[in-house]
Amino acid sequence: MSDTIAEPTAALREELAALREELAQTRSLARRAADRGDIENLFSRYMYLHNAFQDERIIPLWVKEGTEGIRARYTNAGQYTTWESVTRYHRDRPSPVGKLILHATTTPVIEVAGDGETAKGVWLMAGTESGLTDPEVAKNSPDYMYSPGEVQGKKVWAHWVWCKYAIDFLRQDGEWKIWKFRCYELARAPFEENWVSFGEKNQDAFDLDLMYFGDDGKPVFMPPADEPVPSENHPYSPSTVQKLEPEPPVPHDTFADTFK
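Since the structure is predicted, the reported quantities are computational estimates derived from the model, not experimental observations.

About the criteria used
Residues numbered from 1 in each chain as written. Predicted model: local features only at pLDDT ≥ 70, side-chain atom pairs only at ≥ 80, totals over all residues. Heavy atoms only, no water. Helix = DSSP H or I, 4+ residues; strand = E, 2+ residues; numbered from the N terminus. Contact = heavy atoms within 4.5 Å. Polar contact = N/O pair within 3.5 Å; in protein donor to acceptor, adjacent residues only side chain to side chain. Phe/Tyr/Trp six-rings, centres within 6.5 Å; stacked < 30°, edge-to-face > 60°. Buried < 20%, exposed > 50% of the residue type's maximum accessible area, 1.4 Å probe, protein only. Lys NZ or Arg CZ within 6 Å of the ring centre and 35° of its normal. 1 Å grid on protein atoms, 1.4 Å probe; cavity = no way out; pocket = protein on both sides within 12 Å on 5 of 7 lines; lining within 4 Å. Points joined across faces, edges and corners; volume = space filled by probe spheres on them. Nonpolar A, V, L, I, M, F, W, Y, C, P; charged D, E, K, R; others polar.

Participant: Looking at this model, I keep getting lost on unusual backbone geometry. Mind explaining?
Facilitator: For residues other than glycine, phi is negative in most cases, and the peptide bonds are mostly trans. Note that the residue after Glu245, namely Pro246, is joined by a cis bond; omega there is 0°. Of note, Pro246 is situated in the segment after strand E9 (219-221). The backbone of Phe53 sits at a positive phi, close to 60°, despite the residue not being glycine. Residue position: Phe53 is located in the loop between helix H1 (10-51) and strand E1 (71-75).

Participant: I keep staring at the side chain of Ser237 and nothing clicks. Help me out?
Facilitator: Tracing the chain through its elements places Ser237 in the segment after E9. With residues up to four places along the chain from it excluded, the contact list for Ser237 reads Glu200 and Gln203.

Participant: I would appreciate a short explanation of the side chain of Glu193 in the present structure.
Facilitator: Mapping Glu193 onto the fold places it in the loop between strand E7 (175-190) and helix H4 (195-201). There is a polar contact of 3.3 Å between the side chain of Glu193 and the backbone nitrogen of Phe198. Excluding residues that lie within four positions of it along the chain, Glu193 makes contacts with Phe198 and Lys201.

Participant: So what exactly am I meant to see when it comes to the packing of aromatic side chains here?
Facilitator: Given two aromatic rings, one states the distance between the centres and the angle between the planes to describe the pair. Per the stated rule, a full pass over the model turns up 15 aromatic pairs. Relative to Phe198, the ring of Tyr144 lies with its centre 5.7 Å away and its plane at 75°, an arrangement referred to as edge-to-face. Of this pair, Tyr144 sits in the loop between helix H3 (135-138) and strand E5 (150-151) while Phe198 sits in helix H4, placing them 54 residues apart in sequence. Residue Tyr144 is classed as partly exposed on the basis of its relative accessible area, which comes to 29%. Seen in terms of ring centroids, Trp160 and Phe191 are 5.7 Å apart; in terms of plane orientation they differ by 40°. Their pairing is tilted. Of the two residues, Trp160 is situated in strand E6 (residues 154-172) and Phe191 in the loop between E7 and H4; the sequence distance between them amounts to 31 residues. Judged by relative accessible area, which is 53%, Phe191 ranks as exposed. Three or more aromatic residues link up through ring pairs in this structure, and these residues are Phe43, Tyr46, Trp62, Tyr74, Tyr89, Trp123, Tyr165, Phe169 and Phe181. If you follow Lys120 out to its NZ or CZ, it ends over the ring of Phe259, 4.3 Å from the centre. Positioned above the aromatic ring of Trp179 is the side chain of Lys180, whose terminal nitrogen or guanidinium carbon lies 4.4 Å from the ring centre.

Participant: Help me understand empty space enclosed by the protein, please; the structure alone is not making it clear to me.
Facilitator: Here the idea is plain: a probe the size of a water molecule rolls over the atoms and shows the empty space left. Here the structure, examined in full by the defined rule, presents 2 cavities of 30 Å³ or more. Taken as a whole, the largest cavity spans an internal volume of roughly 70 Å³. If you trace the largest cavity, you find it lined by Glu185, Ala187, Arg188, Trp195, Phe198, Gly199, Asn202, Gln203, Pro235 and Tyr236. Elements that contribute at least two residues to the lining of the largest cavity include exactly E7 and H4. Residues belonging to the lining of the largest cavity are distributed by class as follows: 5 nonpolar, 3 polar and 2 charged. There is about 40 Å³ of room inside the second largest cavity. Split by residue class, the lining of the second largest cavity holds 5 nonpolar, 3 polar and 3 charged.

Participant: So what exactly am I meant to see when it comes to the layout of surface pockets here?
Facilitator: In this structure, the largest pocket encloses a volume near 950 Å³. Forming the walls of the largest pocket are 39 residues, and the residues nearest its centre are Glu129, Glu185, Arg188, Leu210 and Met211. Counting residues per element, the ones that place at least two in the lining of the largest pocket are H1, E1, strand E3 (100-112), E6, E7, strand E8 (210-213) and E9. Classifying every residue of the lining of the largest pocket by side-chain character gives 25 nonpolar, 7 polar and 7 charged. Lining the second largest pocket are 14 residues, with Asn233, His234, Val241, Gln242 and Lys243 positioned closest to its centre. Residues belonging to the lining of the second largest pocket are distributed by class as follows: 4 nonpolar, 5 polar and 5 charged.

Pasting the structure below:
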């Protein structure tokens, strides 16, 4: 019996090549599925921390200091384009007595770029925001922002709120990080009022640089923006038509800046 091993036939070589290609495709698909899960967990973790006023713990979820192209945008008042100005939004955020934020994100569309280096995602958010405001502080805001009556001697604000998020992610040191962030407020309404009539009153609110209501309901404003917004977002109005913004991401090979 010969000790030599016969050369594989042409058919066997073709079958081996096909199996190698199938294995490579399976590995790529598994990697993209894992990436998608990691990205969805990342943004969900962001929202859990934000709901609990633990914003300092959100800072490590962002790309590291010095990363080119970092950006955040929350209102029409401007956008932030440095690591320091972006993370300032999450620093020293108070946890006021009586305040509740419950933002629940849903309907994600997430696409990982073919090169595996970046990803894009959009989400819808439906939630509530509420708290107590010292009557002296409340005098500086329109009455329609508040509910009738008082609790513990303070004015009550209790709002339904709906938003959209468009986020770009960057793989950095083997982990997914938030890279570019945009929030679109879609609509809000006090608990006692519908969003149609309130939308008529509240059209200018998204142009202001209000960041949040802090202790005793005192308004805290955004830090000065690094640059103007290239385009504006306007929440729901009974006088306008809805439009598809942002466009949900589609399969793509490399990064394109589509959430401007």
